[in-house]
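Take a look at the letters that make up each chain.
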Amino acid sequence: MKRIMSIQDISCIGKCSLTVALPIISAMGVETSIVPTAVLSTHTQFRGFTFRDLTDDMESIREHWLKENFKFDAIYTGYLGSERQIDIVSGFFDAFGNKDNYIIVDPAMADNGKMYAGFDTGFARKMASLCKKADIILPNISEAAFMLGRPYPGEDASEAEIKNMLLDLTKLGSKKVVITGVNAPGHRFGFMGYDTASNQFFDYYTEKIDLISHGTGDVFASTFTGAFMNDFSIYDSLRIAADFTCACIKNTYNDPNAVNYAVNFEAEIPYLLKLINKIQ
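Note that this is a predicted model, so its numbers are computed, not measured.

Tallied over the full model, the rule gives 19 aromatic pairs. Ring pairs connect the aromatic residues Trp-65, Phe-70, Phe-72, Phe-92 and Phe-96, which therefore count as one cluster. Taking NZ or CZ as reference, Arg-3 lies 5.7 Å from the ring centre of Phe-72, over its face. Sitting over the face of the ring of Phe-201, Lys-163 holds its NZ or CZ atom 5.0 Å from the ring centroid.

Right under this line is the structure:
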């Protein structure tokens with residue numbers, strides 16, 4: 001069985017970060033070892049949430065794992081809460097990354113042209129430096145703009161603008177760069193990427209569901225990681241992630257009892273398992 005390391009926070013209620021990554025990747029038959037960066041009572045959409053910073057525990061976890069000689073087929077990072085955490089995660093990459101595994105970074109720090117609370121341009125520059133060590137990065141349009149230090153082009157950025165951003169993002173050092181949350185004509189929604197090995201752009205779109213909800217980026221990135229560890233190509237893994245995320249959003253949109261702070265990813269796990277058995 002393959003094993004991945006996932007480094008991100010635990011929001012006890014909210015269906016994001018590790019509470020999405022752990023069940024989705026595990027359901028796909030991949031062992032998921034976690035490095036929790038913080039514990040929150042809920043995600044940050046709620047007011048008055050509790051927050052327990054686990055930064056001081058991260059290096060101890062790394063040193064123990066090194067003593068036990070644990071190996072990983074991939075390292076997947078999501079939301080990191082501070083520049084110090086980024087430095088520590090860089091140390092995890094140095095300690096456990098090698099030519100036989102993959103480093104996947106979802107630089108979760110912004111959306112709709114605004115950075116998450118507590119982040120600034122210095123954080124974006126630090127995240128960009130972490131992406132130098134990644135094989136695959138998965139920013140949305142806002143995160144791509146902030147890491148590049150350029151004006152936010154809007155959620156309806158043109159194909160030419162997205163391609164230009166992709167090419168500039170490869171200069172950070174990642175071999176494969178994917179921008180998520182891309183709008184396309186015909187009320188479609190998906191991703192566009194660039195592969196430095198083949199020098200080719202690629203994209204894929206599903207129908208766009210008119211529902212905005214927290215955690216969909218985590219669903220996408222976690223599904224991609226799980227599919228990739230099931231030996232699908234990068235493109236097919238991204239396609240599986242897009243189809244599954246769309247199904248989760250649609251399920252939530254059609255459920256009158258759905259919560260307003262997350263998507264019904266649990267209800268679509270059977271569909272996800274069909275996807276990974278179907279696409280070859």
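Next, the rest of the story.
Moving on to the pairing of strand β9 (residues 176-184). Of all 9 residues making up β9, 9 are buried, and the element is well covered by its neighbours. Across 2 bridges, strand β8 (residues 136-137) lies against β9 in parallel orientation. Paired with Ile-136 across the bridge in β9 is Lys-176. Pairing of β9 with strand β10 (residues 188-195), which is carried by 8 bridges, proceeds in the antiparallel orientation. Opposite Val-182, over in β10, you have Gly-190 as the bridge partner. Where β9 folds back on β10, the antiparallel hairpin that results is connected by 3 residues, among which Gly-186 adopts a positive phi of roughly 85°.

Next up on the list: the pairing of strand β4 (residues 74-77). The two faces of β4 match: Ala-74 and Tyr-76 on one face and Ile-75 and Thr-77 on the other face are all buried. Sheet topology places strand β1 (residues 3-13) next to β4; 4 bridges connect them, and they run parallel. When the sheet's bridge partners are listed, Met-5 is paired in β4 with Ile-75. Direction of pairing for β4 relative to strand β5 (residues 102-105): parallel, over a ladder of 4 bridges. By the bridge assignment, Tyr-76 is partnered in β5 with Ile-104.

Moving on, we come to the pattern of salt bridges. Close approach of charged atoms allows side chains of opposite charge to pair. All told, the structure shown has 16 salt bridges when counted by the stated rule. Two residues, Arg-62 and Glu-59, come together in a salt bridge whose shortest N-O distance is 3.7 Å. Separated by 3 residues within a single helix, Arg-62 and Glu-59 lie in helix α2 (residues 55-68), roughly one turn from each other. Exposure remark for Glu-59: the relative accessible area of 33% places this residue in the partly exposed category. In this structure, Arg-239 and Asp-236 form a salt bridge, with 2.8 Å as the shortest nitrogen-oxygen distance. A residue pair is termed a helical-turn pair when its members lie 3 or 4 positions apart in one helix, as Arg-239 and Asp-236 do in helix α8 (residues 234-254) at 3 residues. With a relative accessible area of 12%, Asp-236 lands in the buried category. Sharing partners across several salt bridges, the network here consists of Glu-59, Arg-62 and Glu-63.

Reading the values: the criteria
- Residues numbered from 1 in each chain as written.
- Predicted model: local features only at pLDDT ≥ 70, side-chain atom pairs only at ≥ 80, totals over all residues.
- Heavy atoms only, no water.
- Phe/Tyr/Trp six-rings, centres within 6.5 Å; stacked < 30°, edge-to-face > 60°.
- Lys NZ or Arg CZ within 6 Å of the ring centre and 35° of its normal.
- Buried < 20%, exposed > 50% of the residue type's maximum accessible area, 1.4 Å probe, protein only.
- Helix = DSSP H or I, 4+ residues; strand = E, 2+ residues; numbered from the N terminus.
- Pairing = 2+ DSSP bridges.
- Salt bridge = Lys/Arg side-chain N within 4 Å of Asp/Glu carboxyl O.

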